[in-house]
Amino acid sequence: MWTLEKRDNLWLLTLTGDDQNRLNPTLIDSLLSTLTNLASQSTPGSVLITTAKGKFFSNGFDLQYARAAGSKSAAMNRLSSMVQSFKPVAAALISLPMPTIAAVNGHASGVGFLLAICHDYVLMRSDQGVLYMPEVNLALPMPDYFAAVIRDKIKKPAVLRDVLLAGVKVKGKEAVEMGIVDSAHDSAESTVEAAVRLGEQLAQRKWVGEVYAEIRKSLYPDACKVLGLTPKSLISKI
């Protein structure tokens, strides 16, 4: 499940599932509902921090749920359905009217990796945990919106090659050097603490959420096109 805690202007969203925090239809629907409600409650100075409990930030989609469908084709249909249901979650994060920070407490694989980099800032622990896109190793196609977000977020061709075509597992300090995350910290606790400090600094700026969201969308045009996000005119509100 997801828990949402408000600390002054900070919203702390935490995934508290099983140890691997795999995303199933219930968790995906709950996350989308939470983000939708959060967008409606945004005020100048609001900041979202997303993290999780346990060894994993998220180990991707719930493949056990998919396989429980029985046949291989039924399992692929379930997986495809989860892929499509997460697309509006990615869109909600890219268009959320407040700064966003991911405090990656452990392994972030597949959609867990995508969930992290949909945030404006990504902080990661360095003592354990990796970022990993396993599609090439699992012989699974890369969803179009996964690829679009990753291309917009990771600008170095060699890093894209290693992450998507070689399926490398990237540790915290390496992720900083590769430009995937902003900073690496000694533990899950220190990662969240650093995210809170950053969130407090951002909250002091009191940015107008709608304007912030539109500027963010302008930075990631390819991702926004695939996600179905269109620019909004805010001139009339000035």
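Above this note sits the structure.
Here the structure is a predicted model, which means the values were calculated and not measured.

### Here's the deal with the packing of aromatic side chains
Piece 1. Taken as a whole, this structure holds four aromatic pairs when the rule is applied.
Piece 2. With a centroid separation of 6.4 Å and 35° between ring planes, the pair formed by Phe61 and Phe146 is classed as tilted. Within this pair, whereas Phe61 is found in the loop between strand 4 (56–58) and helix 2 (63–67), its partner Phe146 is found in helix 6 (residues 144–153), the two being separated by 85 residues in sequence. Each member of the pair Phe61 and Phe146 is classed as buried.
Piece 3. Note on Tyr145 and Phe146: the rings are 5.1 Å apart at their centroids and 70° apart in plane angle, and the pair reads as edge-to-face. Judged on exposure class, the residue Tyr145 and its partner Phe146 are both buried.
Piece 4. One aromatic cluster is present, formed by Phe61, Phe86, Tyr145 and Phe146 through successive ring pairs.

### Some remarks on the environment of Gly179
Piece 1. As for its position among the elements, Gly179 is in the loop between helix 8 (172–177) and strand 10 (183–185).
Piece 2. Accessibility expressed as a relative area gives 45% for Gly179, which makes it partly exposed.
Piece 3. Sequence spacing of Gly179 and Lys156 is 23 residues, and the spatial spacing of their C-alpha atoms is 8.2 Å.

### Some points on the nonpolar core
Piece 1. One finds Leu48, Phe61, Phe86, Leu131 and Ile180 to be the most contacted residues of the largest nonpolar core, which totals 61 residues.
Piece 2. For this core, the leading source of residues is helix 3 (residues 72–94), giving ten residues.
Piece 3. Those residues within four positions of Phe86 in sequence are excluded, and the remaining contacts are Leu23, Ile28, Leu31, Phe61, Val111, Leu114, Leu115 and Tyr145.
Piece 4. The next biggest cluster of nonpolar side chains, apart from the first, holds 13 residues, and it includes Leu12, Val47, Ile49 and Val196.

### Quick look at helix 10 (residues 209–219)
Given 3.6 residues to a turn, an α-helix orients residues that are three or four positions apart in the same direction.
Piece 1. Looking only at helix 10, the buried set comprises Gly209, Tyr212, Ala213, Glu214, Arg216 and Lys217.
Piece 2. Next to the buried residues of helix 10 lie helix 3, strand 5 (100–104), strand 7 (121–125) and helix 11 (221–227).

Criteria and cut-off values
Within any chain, residue numbers begin from 1 and follow the written order of that chain's sequence. pLDDT decides what is reported in this predicted model: residues at 70 or higher carry local features, side-chain atom pairs at 80 or more are listed and counted, and totals for whole chains, interfaces and linings draw on all residues regardless. As a convention, hydrogens and water are excluded, and side-chain values are obtained from all of the structure's heavy atoms. Aromatic contacts are taken between Phe, Tyr and Trp rings whose centres are within 6.5 Å, Trp giving its six-membered ring; a plane angle under 30 degrees counts as stacked, one over 60 as edge-to-face, and the others as tilted. Numbering of helices and strands starts at the N terminus; helices are DSSP runs of H or I of at least 4 residues and strands are runs of E of at least 2. Working definition: with a 1.4 Å probe on protein chains only, accessible area under 20% of the residue-type maximum means buried, over 50% means exposed, and in between means partly exposed. Here, nonpolar core means buried Ala, Val, Leu, Ile, Met, Phe, Trp, Tyr and Cys residues that are tied together by side-chain atoms lying within 4.5 Å of each other. In this description, contact between two residues means that some pair of their heavy atoms is separated by no more than 4.5 Å.

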